[in-house]
Amino acid sequence: MSEVKIYVFHAGMVCVAPELPFGGEHCNPIKASGVFGKRDERLWLPVSAYLIECKHGKILFDCGWHREMSPNSKFDKAAQIKSLGGFALYKTNQGVLPMGEAIDEQLAELGVQPADLDIVLLSHLDCDHANGLKLVKDAKRILVANDEIRFAENGSLINKIRYNNDWWNGTKLEGFEWNATDGPVQKSYDVFGDGSLIMVNIPGHCEGLCALKITNENGKYVLLFSDGGYAKKSWEEQITSVIADDKEQQKKSLAWIREQSLNPDCLESLANHDPDIEPHLIKL
């Protein structure tokens, strides 16, 4: 039997107003942005990335922050504004990347170079998931849902602030179309065509958001649900985040995450920013 290994990394931290991840359905978006809030009331949450080693090779899911966010491994306002592409996004999403936590640094500790990666899968194109993409641009393939590319580049005022295509310009980023019907909206992408890695569309937070479902030969699986919820309590209590393109779809996706997480075959179900999750190795 082929063993699957999943390395759970923290590729930095993100600082947000507490209402942003856990404000729920009726929270004021201005308050959740943190623009007028006090800095000492903000939450520091992990920014996760994952290396999957399986029979198909080495697959990275999300990238975390680029080292340019924290050139000296400390909070650096000017460096972050430059890396994020503007002051408005900085006011909502501030970050820090301690030494040794950039994704290329952590891969190197395992003896893995970016060129060794068979695929980089991006859950979506928000800054704390795609900002570090150029650190692994030498991967053989880099994939994200075409729905997410279209959404990120749709020209809306909010998305002009939210996304910066400098994070992926100059890489070999390619979009994929849905080829299967798993998930809350019956849109998914079976990466290898054998059900072992499935990118499941969980829209709401953004149109092309994907969870990654990793299943072994016995049907046991691990669910990496990215920003479908910000912590275990999100699906336990059905707490939506305030950043939402479509609130009804967000609730539908969160209900699906709960259903999948409670399935006896689910060994672990992980949000990208859960403060209770420590870096660890999962053997599936």
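Analysis parameters
Residues numbered from 1 in each chain as written. Predicted model: local features only at pLDDT ≥ 70, side-chain atom pairs only at ≥ 80, totals over all residues. Heavy atoms only, no water. Helix = DSSP H or I, 4+ residues; strand = E, 2+ residues; numbered from the N terminus. Rg over C-alpha atoms; globule rule 2.2 N^0.38 Å. Buried < 20%, exposed > 50% of the residue type's maximum accessible area, 1.4 Å probe, protein only. Contact = heavy atoms within 4.5 Å. Areas by Shrake-Rupley, 256 points an atom, 1.4 Å probe, with all protein chains shown as cover. Lys, Arg positive; Asp, Glu negative; His and termini not counted. Charge placed at Lys NZ, Arg CZ, Asp CG, Glu CD. Core = buried A, V, L, I, M, F, W, Y, C linked by side-chain atoms within 4.5 Å. Phe/Tyr/Trp six-rings, centres within 6.5 Å; stacked < 30°, edge-to-face > 60°. Salt bridge = Lys/Arg side-chain N within 4 Å of Asp/Glu carboxyl O. Polar contact = N/O pair within 3.5 Å; in protein donor to acceptor, adjacent residues only side chain to side chain.

### Digging into the overall build of the protein
Working step 1: Per the secondary structure count, the protein includes 10 helices and 13 strands.
Working step 2: Expected size for 284 residues packed as a compact globule is a radius of gyration near 19 Å; at 17 Å, the protein falls within 12% of this value.
Working step 3: Over its C-alpha atoms, taken along the principal directions, the protein stretches across nearly 55 × 40 × 35 Å.
Working step 4: By the burial criterion, 56% of the 284 residues in the protein qualify as buried.
Working step 5: In the protein, of all internal contacts separated by at least 6 residues, the share reaching a separation of at least 24 is 68%.
Working step 6: By element, 49% of the accessible surface of the protein is carried by carbon and sulfur atoms, the whole surface being about 11,800 Å².
Working step 7: Looking at charge distribution, the protein has the averaged site of its 30 positive side-chain charges lying 3 Å from that of its 41 negative ones.

### Re the nonpolar core
Working step 1: Judged by nonpolar contacts, the single largest core of 56 residues is most densely connected at L117, V120, L125 and V136.
Working step 2: Not counting residues within four places of it along the chain, the set of residues in contact with V136 comprises L60, C63, I103, L107, P114, L117, V120 and I142.
Working step 3: In terms of nonpolar packing, the next biggest core, distinct from the first, is built from 27 residues, V4, F61, C210 and L224 among them.

### With respect to the packing of aromatic side chains
Working step 1: Summed over the entire model, instances satisfying the criterion amount to 8 aromatic pairs.
Working step 2: Taking the centre distance of 5.9 Å and the plane angle of 40° together, the rings of F87 and Y90 count as tilted. A residue pair is termed a helical-turn pair when its members lie 3 or 4 positions apart in one helix, as F87 and Y90 do in helix α4 (residues 87–92) at 3 residues.
Working step 3: Relative accessible area serves as the criterion here: at 45%, F87 is assigned to the partly exposed category.
Working step 4: Among the aromatic residues, those joined into a cluster by ring pairs are F75, F87 and Y90.

### With respect to the pattern of salt bridges
Working step 1: Scanning the model with the defined rule gives 11 salt bridges in all.
Working step 2: For the salt bridge of D126 with R162, the shortest nitrogen-to-oxygen distance reads 2.7 Å. With D126 in the loop between β5 (119–121) and α6 (127–130) and R162 in helix α8 (residues 157–162), the pair connects residues that are 36 residues apart, well separated along the chain.
Working step 3: For the salt bridge of D265 with K220, the shortest nitrogen-to-oxygen distance reads 3.0 Å. Highlighted residues: D265 in the loop between α10 (247–262) and β12 (266–270) and K220 in the loop between β10 (210–215) and β11 (221–224), separated in sequence by 45 residues.
Working step 4: The class of D265 is partly exposed, set by a relative accessible area of 30%.

### Let's talk about unusual backbone geometry
Working step 1: Despite not being glycine, D62 shows a phi value in the positive range, around 70°.
Working step 2: Mapping D62 onto the fold places it in the loop between β3 (57–61) and α3 (77–84).
Working step 3: One non-glycine residue with positive phi stands out, namely S226, at about 50°.
Working step 4: If you trace the backbone, S226 turns up in the loop between β11 and α9 (232–237).

### What to know about the side chain of S188
Working step 1: With respect to the helices, strands and loops of the structure, S188 is situated in strand β8 (residues 188–190).
Working step 2: At 3.0 Å, the side chain of S188 forms a polar contact with the backbone nitrogen of D182.
Working step 3: In this view, S188 contacts W178, N179, A180, T181, D182, I198, M199, V200 and N201; residues no more than four positions away in its chain are not counted.

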